[in-house]
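Listed below are the residues making up each chain.
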Amino acid sequence: MNDQTNAIHFGYEKETQGTMAVPIYMSTAYDFGSADFAASSFNLEQGTDHVYTRVGNPTTAILERRFAKIEGGSASLAVASGMSAIFYAILNITEAGDNIIASTQLYGGTITLFTQTLKKLGIETRFFDVNGYDAIESLIDDKTKCIFFETISNPSITVPDFEPIITIANKHGLLTIVDNTVATPYLCKPLKLGCDVVVHSASKYTGGQGLAIGGLIVERENLVEKIKGNSRYNYFNEPETSYHGLVFSNCPASSVLFTFRMRMVLMRDTGAVMSPFNAWLFVQGLETLALRIKEHSKNALLIAQFLEAHPKVKKVNYPLLATDKNYANASKYLQNGASGLLSFEVENLAMAKEILDKVSVFSIVANIGDSKSIINHSASTTHQQLSKEELQKAGINEGLIRLSVGIEDADDLISDLAKAIG
Ligand SMILES: *Cc1c(COP(=O)(O)O)cnc(C)c1O
């Protein structure tokens with residue numbers, strides 16, 4: 001089946017009295033029925049949907065199956081937020097003393113997670129510029145656990161060349177973890193390009209209407225081949241003491257070992273679980289994601305072209321503008337559009353603020369991926385915690401305005417901006 005059919009049907013067999021809509025199972029726990037079944041559930045012999053909602057829930061499981069299918073992966077784990085998705089993906093392979101390699105062009109929350117919180121846990125982040133991946137190899141040592149980057153970076157809007165990064169990672173037996181929030185699986189499938197793990201903030205395009213916070217981590221098919229026997233990933237190759245010496249890369253669930261360990265160790269112990277109600281909202285969102293992302297992409301390109309021709313706009317960043325420095329990579333990796341995120345630069349901070357105050361269809365909001373159009377001044381809001389150098393590295397200057405273009409009528413959006421820019 002194709003993606004759009006899977007987005008509507010995959011992973012739900014109408015086992016609940018034929019209800020067409022996916023039901024919401026609001027339940028903390030499940031009746032095991034027999035002592036033997038209870039024991040085997042805790043022993044990891046049974047599935048994880050019927051033990052305790054911290055490690056699995058039937059509504060959430062439908063979202064997980066469906067999302068993994070559309071991303072082209074083998075399994076996924078739903079978590080409480082995009083940030084917890086990134087945290088868990090990293091924590092699943094690292095411990096104090098390890099390091100990770102990450103792009104400088106990242107979401108602001110990811111940068112502070114890496115430079116502040118992970119640092120306090122003893123995990124070092126070594127940064128590379130995704131426009132110059134040559135530097136990556138010199139950053140790798142035997143404590144390096146992954147290379148992390150974004151498909152379309154938020155907010156500097158850079159599209160990396162996946163191939164050389166994947167080649168370097170594979171040469172060193174390193175995992176690549178890609179944040180695919182902005183592109184969504186409809187515009188790019190990093191796992192199909194050879195990346196190993198994808199993370200998402202479902203709060204953005206997946207939900208699509210700014211309704212709920214959530215995150216997902218998806219692993220590629222056959223990831224076990226890269227992890228099994230690989231000395232970088234001891235968690236999967238050495239006996240797990242909390243499960244009586246089970247070795248994840250040998251167990252029957254080894255075809256989904258990355259997800260399985262995250263769920264059975266990290267979720268069990270730290271519990272950033274997605275609510276079943278939010279999972280249900282994301283199931284609704286997924287049904288229309290393909291339709292929405294086409295409209296977001298179409299509107300954003302029209303606005304990018306309008307802004308590019310405007311005399312008061314110094315620069316426009318949108319990957320599918322022919323003049324954009326990302327155009328070659330975007331044409332190669334984003335075949336169905338470049339999503340709704342664009343940024344543009346005006347002369348200075350005062351002018352940027354004036355534009356924010358003058359628009360009326362766009363709202364000033366710290367979010368992206370809503371059906372409603374959003375305008376934001378990155379340097380003073382979402383990226384305020386970054387130092388001047390970090391801002392520069394992330395490609396953000398004082399006059400930079402970010403738009404998350406919604407799915408309103410494009411003409412209305414353009415005249416709103418035209419009035420505000422003057
Ligand atoms: C929003 C966002 C996140 C964080 O997701 P939350 O759901 O807000 O925790 C991570 N990465 C990117 C690219 C984002 O846009």
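Residues numbered from 1 in each chain as written. Predicted model: local features only at pLDDT ≥ 70, side-chain atom pairs only at ≥ 80, totals over all residues. Heavy atoms only, no water.

Draft legend 1. Broad picture of the pairing of strand β12 (residues 400-404). Of all five residues that make up β12, five are buried, and the element is covered over most of its length. Neither face of β12 is left uncovered, since the one carrying Leu 400, Arg 402 and Ser 404 and the one carrying Ile 401 and Leu 403 both have all their residues buried. Sheet analysis places strand β9 (residues 341-345) next to β12, joined by five bridges and oriented antiparallel. Note that in β12 the partner of Ser 343 across the bridge is Arg 402. Bridge count for strand β11 (residues 374-377) against β12 is four bridges, and the pairing is antiparallel. Across the sheet, residue His 377 finds its bridge partner in β12, namely Ile 401. (Buried < 20%, exposed > 50% of the residue type's maximum accessible area, 1.4 Å probe, protein only. Helix = DSSP H or I, 4+ residues; strand = E, 2+ residues; numbered from the N terminus. Pairing = 2+ DSSP bridges.)

Draft legend 2. Summary view of the domain arrangement of the protein. Annotation of the protein at the domain level lists domain 1 (3-277) and domain 2 (290-421). Computed over C-alpha atoms only, the centres of domain 1 and domain 2 are separated by 29 Å. Between domain 1 and domain 2, the residue contacts involve 37 residues of the former and 41 residues of the latter. Surface buried jointly by domain 1 and domain 2 totals about 3100 Å² across both partners, of which 60% is contributed by carbon and sulfur atoms. The largest contributions to the domain 1 side of the interface with domain 2 come from Ile 157, Leu 187 and Tyr 205, which together make up 25% of the buried area. There are two salt bridges connecting domain 1 and domain 2. One salt bridge connects Lys 332 with Asp 161, and the closest N-O pair in it is separated by 3.8 Å. Linking domain 1 to domain 2 there are 15 residue pairs in polar contact (both at pLDDT 80 or more). At the level of elements, α5 (108-120), α7 (162-171) and α8 (184-187) are the ones that each hand at least two residues to the side of domain 1 that touches domain 2. Here the element with the most residues in the side of domain 1 that touches domain 2 is α5; it accounts for four residues. By residue class, the composition of the side of domain 1 that touches domain 2 is 16 nonpolar, 18 polar and three charged. (Domains from an automatic or database assignment. Contact = heavy atoms within 4.5 Å. Buried area = accessible area lost by both parts, 1.4 Å probe. Salt bridge = Lys/Arg side-chain N within 4 Å of Asp/Glu carboxyl O. Polar contact = N/O pair within 3.5 Å; in protein donor to acceptor, adjacent residues only side chain to side chain. Nonpolar A, V, L, I, M, F, W, Y, C, P; charged D, E, K, R; others polar.)

Draft legend 3. Examining the pattern of salt bridges more closely. With the rule as written, the count across this model stands at 14 salt bridges. Here Glu 137 and Lys 171 are joined by a salt bridge, their closest N and O atoms 2.6 Å apart. Residue Glu 137 is found in helix α6 (residues 136-139), and its partner Lys 171 is found in helix α7; the two are separated by 34 residues along the sequence.

Draft legend 4. Quick look at the nonpolar core. By size, the foremost hydrophobic cluster in this structure holds 130 residues, and its most contacted members are Phe 114, Ile 217, Phe 258, Ile 303, Leu 342, Phe 344 and Leu 403. Per-element tally for this core: the top contributor is helix α13 (residues 276-308), with 12 residues. Looking at which domains feed residues into this core, each of domain 1 (3-277) and domain 2 (290-421) supplies at least three. If we ignore the near neighbours within four places in the chain, the residues touching Ile 303 are Leu 342, Phe 362, Leu 403, Val 405, Leu 413, Ile 414 and Leu 417. (Core = buried A, V, L, I, M, F, W, Y, C linked by side-chain atoms within 4.5 Å.)

Draft legend 5. Structural view of the sheet that holds β9. Read across the open sheet, the five strands follow the order β8-β9-β12-β11-β10; overall the sheet is mixed. At either margin of the open sheet sits one strand with a lone partner, and together these are β8 (315-317) and β10 (363-364). Alignment of β8 against β9, held across three bridges, turns out to be antiparallel. Paired with Asn 317 across the strands is Ser 343, a residue of β9.

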